[in-house]
Amino acid sequence: MKIAVFSSKPYDRRYFETYNKDYNYDLSFFDTNLNALTSNLTQDFDAVCVFVNDQLNEEVIKKLADNGVKLIALRCAGFNNVDLEAAEQYGIKVTRVPAYSPQAVAEHALALILTLNRKTHKAYNRVKEGNFSLDNLIGFNVYNKTVGVIGTGKIGQAFCKIMLGLGCKVLAYDVAPQSALEEAGVTYVTLEELYKGSDIISLHCPLLPATQHLINDNSLAQMKTQVMIINTSRGGLINTEDVIKNLKDKKVGYLGIDVYEQEENVFFEDMSEQIIEDDTLLKLISFPNVLITSHQAF
């Protein structure tokens, strides 16, 4: 089988080549994203392996079908970047990784919480400069805080258990409640109750039409002042402009994100010697109470 691997990085190649010794697939690696402009690269391939920022809309999928591609293999859990109806129409199967590293993502969400709270990133930089002042490094006890978890799939479940272990009260919302979590001490509530009652809100749900911009002016208005919002799921769950407005108004006290709405233009790339043209991202970076990592949680 000939497989075109798009959006590939050195670590992708290292692991694919290591494990391919047992299978001997014909792998071709492309640094570029798969999109309408690069879909011609799929000529004569049987399958494409893609990641979160590859864009497989109807135009691209038609091109894949014309080029003989029979399989789209997502090396991620999310599938919002694939037009599933078009794939079915053109006879292309789509697979994804339904669960991988749930503990890794849950632990990264915790890392964002503790870093924002205890300001360890700022303390690290100060000490490197010989500054041992404690000014503006005050945090709060996560113990006994109410944590709202939106989405209790495998990652959400792992996160709930971590927060229960820290002595938090955990509220959860999901269309399919998990009885095992309820037995462990998690309380399922409505979204409105979760917004109103949570000190920290962590997003672990997929990006679907129903969850697009789940965090917006309306939902933010229902939350506690100085709420902490964590997103390790999909950037589109948050209306970034609305969150920026609420950061300025001090309604949102902390924002920790590993994903961003327009991340495909920046994330996974070394932009240190370039001018970042995304003004919204630059605004986020400018806030002292915002912590951004570049989709590394997985």
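What you see is a predicted model; the values in this text were computed from it and never measured.

Rules used throughout
- Residues numbered from 1 in each chain as written.
- Predicted model: local features only at pLDDT ≥ 70, side-chain atom pairs only at ≥ 80, totals over all residues.
- Heavy atoms only, no water.
- Pairing = 2+ DSSP bridges.
- Helix = DSSP H or I, 4+ residues; strand = E, 2+ residues; numbered from the N terminus.
- Axes fitted to C-alpha atoms, helices over the stretch in contact; angles between N-to-C directions.
- Phe/Tyr/Trp six-rings, centres within 6.5 Å; stacked < 30°, edge-to-face > 60°.
- Buried < 20%, exposed > 50% of the residue type's maximum accessible area, 1.4 Å probe, protein only.
- Lys NZ or Arg CZ within 6 Å of the ring centre and 35° of its normal.
- Contact = heavy atoms within 4.5 Å.

Regarding the sheet that holds strand E5 (residues 93-95)
Taken together, five strands build an open sheet; the order of strands is E2-E1-E3-E4-E5 and the sheet is parallel. If you trace the sheet from one side to the other, it starts and ends with strand E2 (26-29) and E5, each paired once. Between one strand axis and the next, the sheet turns through 20° on average, direction left out of account.

Examining the packing of aromatic side chains
Following the criterion strictly, the structure yields eight aromatic pairs and no others. With a centroid separation of 6.2 Å and 75° between ring planes, the pair formed by Phe-16 and Phe-29 is classed as edge-to-face. Separated by 13 residues along the polypeptide, Phe-16 in helix H1 (residues 10-19) and Phe-29 in strand E2 bring together distant segments of the chain. Consider the rings of Phe-30 and Phe-45, whose centres lie 6.2 Å apart with planes at 80°: the pair is edge-to-face. Here Phe-30 is found in the loop between E2 and strand E3 (47-50), whereas its partner Phe-45 is found in the loop between E2 and E3, with 15 residues between them in sequence. For Phe-30, a relative accessible area of 18% corresponds to the buried category. Assessed through its relative accessible area of 8%, Phe-45 is described here as buried. Among the aromatic residues, those joined into a cluster by ring pairs are Phe-6, Phe-30 and Phe-45. In this arrangement the basic side chain of Lys-2 is found over the ring face of Phe-45, its NZ or CZ atom lying 5.2 Å from the centre.

Section: the sheet that holds strand E10 (residues 227-231)
Here seven strands make up an open sheet; going across it, the order is E8-E7-E6-E9-E10-E11-E12 and the pairing parallel. Where the open sheet ends on each side, the last strands, each with one partner, are strand E8 (187-188) and strand E12 (290-292). Alignment of strand E11 (residues 252-257) against E12, held across three bridges, turns out to be parallel. Bridge pairing in E12 links Leu-255 to Val-290. Each of strand E6 (146-150), strand E7 (169-173) and strand E9 (200-203) is contacted by helix H6 (residues 154-165), which is oriented at about 175° to E6, the strand it contacts most. Against the sheet, helix H11 (residues 279-286) touches E11 and E12, its axis set at about 120° to E12.

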